[in-house]
Amino acid sequence: MSTALRHDWQPQELLQLFDLPFPELLFRAAAVHREHFDPAQVQVSTLLSVKTGGCPEDCAYCPQAQRYDTGVTAQKLMATEEVVARARQAKAAGASRFCMGAAWRSPKDRDIPKVAAMIREVKALGLETCATLGMLDRPQADALRAAGLDYYNHNLDTAPDYYDSIIHTRQYQDRLDTLEHVRDAGLKTCCGGIVGMGETRAHRAGLLLALANLPSHPDSVPINRLVQVAGTPLHGSAELDPFEFVRMIAVARIVMPRSMVRLSAGREAMSDELQALCFLAGANSIFYGEKLLTTGNPDTARDQALFERLGLQPMPLQVDAPGHDHPGTVHADITAPSASCGGRCGQAA
Ligand code: SAM
Ligand code: DTB
Ligand code: SF4
């Protein structure tokens, strides 16, 4: 029997899931995972910061906020050719999605054509495109969609009732409004949050409740474990119990059964065993490549070895992009660099 998608989750139900004995929670999450996905397949995305630092916002976790002394220097928007060169490398290394991030509160209208050019050219390589640029209005979302954007990442970050402890320069409702514009423009949504910011289990459940009760479940749900950066207000926060992180993944999988649940920031500090537990709990996406935006990620050799040891495969991509002359399934292969299609599309990668 297939699990129906629900948008009417109640706080108590999520807390009851979190409170299950760990083996029972993992068993239930793994069962839901198998109803919708091949549990041996993991979607692979690569991130690039196309505009780093100097951000006017006050997100207490973020190394790119201008007001915190974190050693990140503000840079201008990267040149399109440089972005495309990095996307080509990511594809050759086996990524199927390329996510471009900018440290903006929101893009200025004059930035949109520049980002649109990046999207068009990255898409032309045969990669899925994702961008995370801050708050968008509807015409901006439409313009990005017209350029070939597949996904827009905009996180809720935490529960509505913990939000004021983390961010003051924009409201929860602003985030919900951006997500609405993104959906209405026909973009796929990538929306999740961060744990390990001193929140309670009820707040973690509150974040998942807010995500699962959106008008449609986000297509991708990044679950970030706080990367503590010196100079940010959250540096020195108590470390989250690793099993609690796994519970977060498992409950996300159960309440959003058809979404990609991404084991996102924080992997560099995780053991292979902890990551394996996360895959068992239903995580089926990662960021791949040595850097996230400004902080580290496991190096590609470590991820290739982990996939080998666990018998995991990069998830095939349904290609409808230029750069491949026919639609179909393309297999990224992170264990065979330079043959990112595995030859299945019949073209050189
Ligand atoms: N400026 C845009 C925005 O905030 O929407 C896009 C980039 S912002 C860096 C994207 C997301 O990265 C944030 O919403 C947050 O969830 C995540 N993030 C930033 N710093 C992080 C950290 N130190 N640890 C974990 N996740 C982090
Ligand atoms: C998301 O949820 N996590 C990514 C991506 N979306 C843009 C960003 C993680 C950033 C971690 C801190 C850094 O590298 O600056
Ligand atoms: Fe700026 Fe985004 Fe960082 Fe917040 S998370 S400070 S909006 S770059």
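Residues numbered from 1 in each chain as written. Chains lettered and ligands numbered in written order. Predicted model: local features only at pLDDT ≥ 70, side-chain atom pairs only at ≥ 80, totals over all residues. Heavy atoms only, no water.

Peer 1: Describe the pattern of salt bridges, and please don't skip the residues or the numbers.
Peer 2: On inspection of all chains with the given rule, the structure shows 16 salt bridges. The partner of aspartate 8 in a salt bridge is arginine 6, and the shortest N-O contact between them spans 2.8 Å. Residue class for aspartate 8 comes out partly exposed when judged on its relative accessible area of 46%. Between glutamate 57 and arginine 105 there is a salt bridge, and its shortest N-O distance comes to 3.1 Å. Of this pair, glutamate 57 sits in the loop between strand S1 (41-51) and helix H3 (80-93) while arginine 105 sits in the loop between strand S2 (97-102) and helix H4 (112-124), placing them 48 residues apart in sequence. Overall, the relative accessible area of 2% leaves glutamate 57 in the buried class. Each of Asp19, Glu199, Arg201, Arg204 and Glu244 takes part in a single network of salt bridges with overlapping partners. (Salt bridge = Lys/Arg side-chain N within 4 Å of Asp/Glu carboxyl O. Buried < 20%, exposed > 50% of the residue type's maximum accessible area, 1.4 Å probe, protein only. Helix = DSSP H or I, 4+ residues; strand = E, 2+ residues; numbered from the N terminus.)

Peer 1: I'd love a proper account of the site of ligand 2, names of residues and values included.
Peer 2: For ligand 2, the set of nearby residues contains 14 residues, the closest of which are Asn155, Asn224, Leu293, Thr294 and Thr295. Backbone polar atom of leucine 293 to an oxygen atom of ligand 2: 3.0 Å apart, as the coordinates give it. Residue threonine 295 places a side-chain N or O atom 2.8 Å away from an oxygen atom belonging to ligand 2. Coverage of ligand 2 by the protein amounts to 89% of the 400 Å² it exposes when considered alone. Of the residues contributing to the shell around ligand 2, the split by class is seven nonpolar, seven polar and no charged. (Near = heavy atom within 4 Å. Polar contact = N/O pair within 3.5 Å; in protein donor to acceptor, adjacent residues only side chain to side chain. Areas by Shrake-Rupley, 256 points an atom, 1.4 Å probe, with all protein chains shown as cover. Nonpolar A, V, L, I, M, F, W, Y, C, P; charged D, E, K, R; others polar.)

Peer 1: So what's going on with helix H2 (residues 22-36)? Which residues, and what values?
Peer 2: Here H2 is 15 residues long and its end C-alpha atoms lie 22 Å apart, about the 21 Å a rise of 1.5 Å per residue gives. What H2 keeps buried is the set Leu25, Leu26, Ala29, Ala30, Val32 and His33. Looking down the long axis of H2, one finds its buried residues gathered within 160° of arc, a one-sided arrangement. Turned more than 90 degrees away from the buried face of H2, the exposed residues are Pro23 and Phe27. (Expected span 1.5 Å × (residues − 1). Arc of directions from axis to C-beta.)

Peer 1: Account for the environment of lysine 291, naming residues and giving values.
Peer 2: Along the chain, lysine 291 falls in the loop between strand S9 (285-287) and helix H10 (300-310). Taking the C-alpha atoms as reference points, lysine 291 and glutamate 268, 23 residues apart in sequence, are found 9.7 Å from one another. If sequence neighbours within four positions are ignored, lysine 291 has contacts with Leu47 and Asn297. (Contact = heavy atoms within 4.5 Å.)

Peer 1: Tell me about the confidence of the model for the protein, residues and numbers included.
Peer 2: Keep in mind that low pLDDT regions are not for reading the predicted coordinates in detail. Looking at the protein as a whole, the pLDDT averages 92, with 90% of positions reaching at least 70. When the criterion is pLDDT under 50, residues 319-331 qualifies, and its contacts beyond four places in sequence or with other chains add up to 38 contacts. Within the model, pLDDT remains below 50 along residues 336-349, and this stretch shows 27 contacts once partners closer than five positions in the same chain are excluded. (pLDDT = per-residue confidence, 0-100.)

Peer 1: Summarise the packing of helix H1 (residues 11-18) against helix H7 (residues 201-212); cite the residues concerned and give the values.
Peer 2: Close contact between H1 and H7 brings their axes to 9 Å; oriented N to C, the two are set at 120°. One element, H1, and the other, H7, form an angle in the oblique class. The way H1 lies across H7 gives a crossing that is right-handed. Of the residues in H7, those in contact with Pro11, Leu14, Leu15 and Phe18 of H1 are Arg201, Ala202, Arg204, Ala205, Leu208 and Leu209. Its residues assigned to classes, the contact of H1 with H7 shows eight nonpolar, no polar and two charged. (Axes fitted to C-alpha atoms, helices over the stretch in contact; angles between N-to-C directions. Parallel < 35°, antiparallel > 145°, perpendicular 65-115°, else oblique. Left-handed = near helix turned anticlockwise from the far one by under 90°.)

Peer 1: Kindly report on the site of ligand 3, identifying the contributing residues and their values.
Peer 2: Lining the immediate surroundings of ligand 3 are Cys55, Glu57, Cys59, Tyr61, Cys62, Ala65, Ala103, Trp104 and Arg170. Of the residues assigned to the shell around ligand 3, the class counts are seven nonpolar, no polar and two charged.

Peer 1: Any details on the nonpolar core? Residues and values, ideally.
Peer 2: Of all hydrophobic cores here, the largest spans 93 residues; its most connected members are Tyr61 and Leu208. Here this core takes nine residues from helix H8 (residues 242-255), the largest share from any one element. Contacts of leucine 208, omitting those with residues within four sequence positions, involve Leu14, Phe18, Ile223, Met248, Val251, Ala252 and Met256. Counting seven residues, the second largest nonpolar core, distinct from the first, contains Leu47, Cys99, Tyr151 and Phe287. (Core = buried A, V, L, I, M, F, W, Y, C linked by side-chain atoms within 4.5 Å.)

Peer 1: Pulling in residues and values, what's your account of the environment of serine 285?
Peer 2: Summarising the element assignment, serine 285 is placed in strand S9. Here the alpha-carbon distance between serine 285 and valine 221, two residues 64 residues apart in the chain, equals 9.1 Å. Once residues within four sequence positions are removed from consideration, serine 285 is found in contact with Val42, Gln43, Met260, Val261, Arg262 and Leu263.

Peer 1: Could you give an account of the side chain of threonine 295, with specific residues and numbers?
Peer 2: Inspection of the secondary structure assignment puts threonine 295 in the loop between S9 and H10. Threonine 295 sits in the buried class, given a relative accessible area of 18%. In this structure, threonine 295 is in contact with Pro63, Val227 and Val229, ignoring residues within four places of it in sequence.

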